[in-house]
Amino acid sequence: MTTPKPVQPANIAAQEAVDAEPAASLDEAIQGALGRKLRESYDEVVREQVPDKFLKLLDQLKHSETSSKG
């Protein structure tokens, strides 16, 4: 009589296959260019003014929180 082999769930077998693959890498020049572009994009977003509608909503929230505490 033979003993059955344990069966691995598919997700464990798939994870082992992923772990066996070499990690992807990018050229340093490409990494640098991507980093610069991401910083530029982030800086643009940070410099944008907050829309008045959003400020009004935040103000309403603040007032509702202070009135519910009192």
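Residues numbered from 1 in each chain as written. Predicted model: local features only at pLDDT ≥ 70, side-chain atom pairs only at ≥ 80, totals over all residues. Heavy atoms only, no water.

Undergrad: I'm lost on the environment of Ser-68 in this one. Help?
TA: Looking at the secondary structure, you find Ser-68 in helix H3 (residues 52-69). Polar side-chain contacts of Ser-68 include one of 3.0 Å to the backbone oxygen of Glu-65. (Helix = DSSP H or I, 4+ residues; strand = E, 2+ residues; numbered from the N terminus. Polar contact = N/O pair within 3.5 Å; in protein donor to acceptor, adjacent residues only side chain to side chain.)

Undergrad: Which parts of the structure should I look at to understand helix H2 (residues 28-47)?
TA: Because the α-helix completes a turn every 3.6 residues, residues three or four places apart line up on one side. Across its 20 residues, H2 extends 28 Å between first and last C-alpha, which sits within 8% of the 28 Å expected from 1.5 Å per residue. When you tally the buried positions in H2, you get one out of 20 residues, a small fraction of the element. Its side-chain oxygen placed 3.0 Å from the backbone nitrogen of Ala-29, Asp-27 serves as the N-cap of H2. (Expected span 1.5 Å × (residues − 1). Buried < 20%, exposed > 50% of the residue type's maximum accessible area, 1.4 Å probe, protein only.)

Undergrad: Explain a nonpolar patch on the surface to me, please; I cannot follow it from the model alone.
TA: Where nonpolar side chains cluster on the molecular surface, the patch consists of Val-50, Phe-54, Leu-55, Leu-57, Leu-58 and Leu-61 and spans about 530 Å² of accessible area. With respect to the secondary-structure elements, Leu-57 resides in helix H3. Given the relative accessible area of 47%, Leu-57 is considered partly exposed. (Patch = residues over 30% accessible without salt bridge, like charges linked within 9 Å, V, L, I, M, F, W, Y side chains within 5 Å. Areas by Shrake-Rupley, 256 points an atom, 1.4 Å probe, with all protein chains shown as cover. Salt bridge = Lys/Arg side-chain N within 4 Å of Asp/Glu carboxyl O.)

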